[in-house]
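# Per-entry structural report
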Amino acid sequence: DLDTTGDFVAVVGPSGSGKSTIANLLLRFWDPPPGTVLADGVDVLAHDADAWRTQVALMAQDVHLFTGTIAENLRLANPRASEQDLAAAVRAAGFHEVIGRLPQGDRTWLGEQGAQLSGGERQRLALARAVLKPSPLLVLDEPTANVDAATEQVIAREVEVLARTRAVLLITHRTAGLEAAREILVLHD
């Protein structure tokens, strides 16, 4: 059960242990058994699946970027986002330095699937997009898998800040940065 006014739960375990399955059940990509997945004490099955998904921002393991600029990719999450909102989300994801190196900044054309970016850069852009979505629940599936240790620390600190005002479900292989989690679920077998 997650409290969407501010909560931080981490799910840790090796590949194949069911971490991403939890995200799929929470987002109702698959329907869980009644009464097993709750948000604010309410069974997620009580919500229309599409309406429920508008309340959840997902940063999936498999990053999907679209042909267009960085800013356009970010605004998919929140078309009404201001420049300040974009800058805050980019900073939270540790992506601001990348944008600062690009000649056209967030107006840089990405090409198909963000071909101009490395795997870690695509991942940080996807994280910024999830942070930008105005939703009470943020699901982060391996947000630090392809980043260096310094960026991982930046992201861990920002997750802690985000969890003060919205629920964060962090799915990870790593145990670094989980000190602030209210609960850590360890999956195996």
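Rules used in this analysis
- Residues numbered from 1 in each chain as written.
- Predicted model: local features only at pLDDT ≥ 70, side-chain atom pairs only at ≥ 80, totals over all residues.
- Heavy atoms only, no water.
- Helix = DSSP H or I, 4+ residues; strand = E, 2+ residues; numbered from the N terminus.
- Rg over C-alpha atoms; globule rule 2.2 N^0.38 Å.
- Buried < 20%, exposed > 50% of the residue type's maximum accessible area, 1.4 Å probe, protein only.
- Contact = heavy atoms within 4.5 Å.
- Areas by Shrake-Rupley, 256 points an atom, 1.4 Å probe, with all protein chains shown as cover.
- Lys, Arg positive; Asp, Glu negative; His and termini not counted.
- Charge placed at Lys NZ, Arg CZ, Asp CG, Glu CD.
- Patch = residues over 30% accessible without salt bridge, like charges linked within 9 Å, V, L, I, M, F, W, Y side chains within 5 Å.
- Salt bridge = Lys/Arg side-chain N within 4 Å of Asp/Glu carboxyl O.
- pLDDT = per-residue confidence, 0-100.
- Core = buried A, V, L, I, M, F, W, Y, C linked by side-chain atoms within 4.5 Å.

Here we come to the overall build of the protein chain. Counting its regular elements, the protein chain contains 7 helices and 7 strands. In terms of C-alpha radius of gyration, the protein chain reaches 16 Å, essentially the compact-globule figure of 16 Å for 189 residues. Across its three principal directions, the C-alpha atoms of the protein chain cover 50 × 35 × 30 Å. Evaluated residue by residue, the protein chain yields a buried proportion of 48% over its 189 residues. In the protein chain, once contacts between residues fewer than 6 apart in sequence are set aside, the share between residues at least 24 apart is 75%. Accessible surface, the protein chain as shown: approximately 9400 Å² in total, 52% of it carbon and sulfur. For the protein chain, the centre of its 17 positive side-chain charges and the centre of its 25 negative side-chain charges are spaced 5 Å apart.

Taken together, the side chains of Phe29, Trp30 and Leu58 define a hydrophobic patch exposed on the protein surface, amounting to about 290 Å² of accessible area. Tracing the sequence through the fold places Phe29 in the loop between helix H1 (19-26) and strand E2 (38-39).

Predicted confidence across the protein chain gives a mean pLDDT of 86, with 97% of residues reaching 70 or more. Least confident of the elements in the protein chain is helix H7 (residues 149-162), whose mean pLDDT is 81; most confident is helix H3 (residues 70-75), at 93.

Take the pattern of salt bridges next. Considering all chains together, one arrives at 8 salt bridges under this definition. Residue Arg182 is joined to Asp7 by a salt bridge in which the shortest nitrogen-to-oxygen separation is 2.7 Å. Residue Arg182 is located in the loop between strand E6 (167-172) and strand E7 (183-186), and its partner Asp7 is located in strand E1 (residues 7-12); the two are separated by 175 residues in the primary sequence. Relative accessible area serves as the criterion here: at 48%, Arg182 is assigned to the partly exposed category. A salt bridge links Arg182 to Glu183; the shortest N-O distance between them is 3.3 Å. You can call Glu183 partly exposed: its relative accessible area is 34%.

Okay, the nonpolar core next. Among the nonpolar cores identified, the biggest contains 40 residues, and Phe8, Leu74, Phe95, Leu125, Leu138, Leu140 and Val168 are the most heavily contacted of them. The element that contributes the greatest number of residues to this core is helix H6 (residues 119-132), accounting for 7 residues. In this view, Leu138 contacts Ala57, Ala130, Val131, Leu162, Arg166, Ala167, Val168 and Leu169; residues no more than four positions away in its chain are not counted. Of all hydrophobic cores here, the second largest spans 15 residues; its members include Val9, Ala23, Leu26 and Leu27.

Before going further, it helps to spend a moment on unusual backbone geometry. A positive phi angle, close to 55°, is found at Asp40, a residue other than glycine. Along the polypeptide, Asp40 turns up in the loop between E2 and strand E3 (42-43). We classify Asp40 as partly exposed; its relative accessible area is 43%. One non-glycine residue with positive phi stands out, namely Glu142, at about 55°. Along the polypeptide, Glu142 turns up in the loop between strand E5 (137-141) and H7. With a relative accessible area of 3%, Glu142 lands in the buried category.

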